[in-house]
Structure formats: structure tokens, C-alpha cells
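Geometric and topological summary
One letter stands for each residue in the lines below.
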Amino acid sequence: LIVLVLMLMNPGYVFYEHPFFRFVWQKNGEWVYDEENMPFPNVTLSTDVGLGNFEPEQIYGLHQCYFSLGLFTLEALLLLAQHGLSKIAAQKDEVLLPVVARNQD
């Protein structure tokens, strides 16, 4: 049930936060970037780097990357919802952390 809820929420979030297809279009044979309406994605920057140091192409590329990552997450959730947890993923008697298991003995 949780996977299905996440699966339904994920596309809405991804399309709302990173709609890269709205930020670029072709005009007179050249790509034009919508610099006014293209927000900077939430990333951590060092103190000596500002938003002015980035070109519109770089910001657009970040939105493209985050959009793709969001869709890949959706695909993983779809597979998890369809097939469930695999028996191969973790056996009942398998020791996942052998170092911790040895220290408990």
C-alpha cells in the first residue's frame, strides 16, 4: 500500500519540481532558454559559488537529470509493486552483516 501511494505521488512531484520541457524551445534554429521562469533546483553549493556562476544550459541540465532520476525511481516503485520483495533479495537464514553477527557471539 505504501509503495502504491508513493508511486502515485512521485510523478506529480517530479513534473511539478522539474518540468524541463517547459524551460527550452527552438527559435530561428537556436535553443532558447526561459531564464526568468527556470528556478534553480535545490542543491547544496559551496560558499564561494553563487547562482550567477551557472549558465542557463547548466541549470536546464540539472532539471533534466533530476527529472530522469524521478522517473527511474517511479520505475523502481512499479517493479516493487508488481513483483514484491524477491526471495533472492534476502534469505531467511542469511547473515546480512557478518561482522556484526560475529561480534554478537
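Use the structure listed above.
Keep in mind the model is a prediction, meaning the values are calculated, not measured. (Residues numbered from 1 in each chain as written. Predicted model: local features only at pLDDT ≥ 70, side-chain atom pairs only at ≥ 80, totals over all residues. Heavy atoms only, no water.)

**Topic: a nonpolar patch on the surface**
Taken together, L1, I2, V5, L6 and M9 make up a surface patch of nonpolar side chains, about 570 Å² in accessible area. In this structure, I2 sits in helix α1 (residues 2-17). (Patch = residues over 30% accessible without salt bridge, like charges linked within 9 Å, V, L, I, M, F, W, Y side chains within 5 Å. Areas by Shrake-Rupley, 256 points an atom, 1.4 Å probe, with all protein chains shown as cover. Salt bridge = Lys/Arg side-chain N within 4 Å of Asp/Glu carboxyl O. Helix = DSSP H or I, 4+ residues; strand = E, 2+ residues; numbered from the N terminus.)

**Observations concerning the side chain of N10**
Looking at where N10 falls in the secondary structure, it is placed in helix α1. According to the relative accessible area criterion, N10 is buried, its value standing at 11%. Side-chain polar atoms of N10 contact the backbone oxygen of G70, separated by 3.3 Å. Those residues in contact with N10 that lie beyond four places of it in its chain are G70, T73, L74 and L77. (Buried < 20%, exposed > 50% of the residue type's maximum accessible area, 1.4 Å probe, protein only. Polar contact = N/O pair within 3.5 Å; in protein donor to acceptor, adjacent residues only side chain to side chain. Contact = heavy atoms within 4.5 Å.)

**Describing helix α2 (residues 56-83)**
The terminal C-alpha atoms of α2 lie 41 Å apart, and with 28 residues this matches the ideal 40 Å at 1.5 Å per residue to within 8%. Within the sequence span of α2, burial applies to P56, I59, Y60, H63, F67, G70, L74 and L77. Residues of α2 that are buried make contact with α1, β1 (24-27) and β2 (30-33). With its phi angle positive at about 75°, G84 sits one or two positions after the end of α2. (Expected span 1.5 Å × (residues − 1).)

**Considerations on the pairing of β1**
Note: β1 against β2, four bridges, orientation antiparallel. Within β2, the position partnered with W25 by the bridge is V32. Once β1 ends, the chain turns through two residues before running back antiparallel as β2, passing N28 with a positive phi of about 55°. (Pairing = 2+ DSSP bridges.)

**Describing the layout of surface pockets**
Looking at the largest pocket, its volume works out to about 170 Å³. Residue lining of the largest pocket: Y13, V14, E17, H18, P39, F40, P41, N42, H63, Y66 and G70, and that is the complete set. Class assignment for the residues of the lining of the largest pocket results in six nonpolar, four polar and one charged. (1 Å grid on protein atoms, 1.4 Å probe; cavity = no way out; pocket = protein on both sides within 12 Å on 5 of 7 lines; lining within 4 Å. Points joined across faces, edges and corners; volume = space filled by probe spheres on them. Nonpolar A, V, L, I, M, F, W, Y, C, P; charged D, E, K, R; others polar.)

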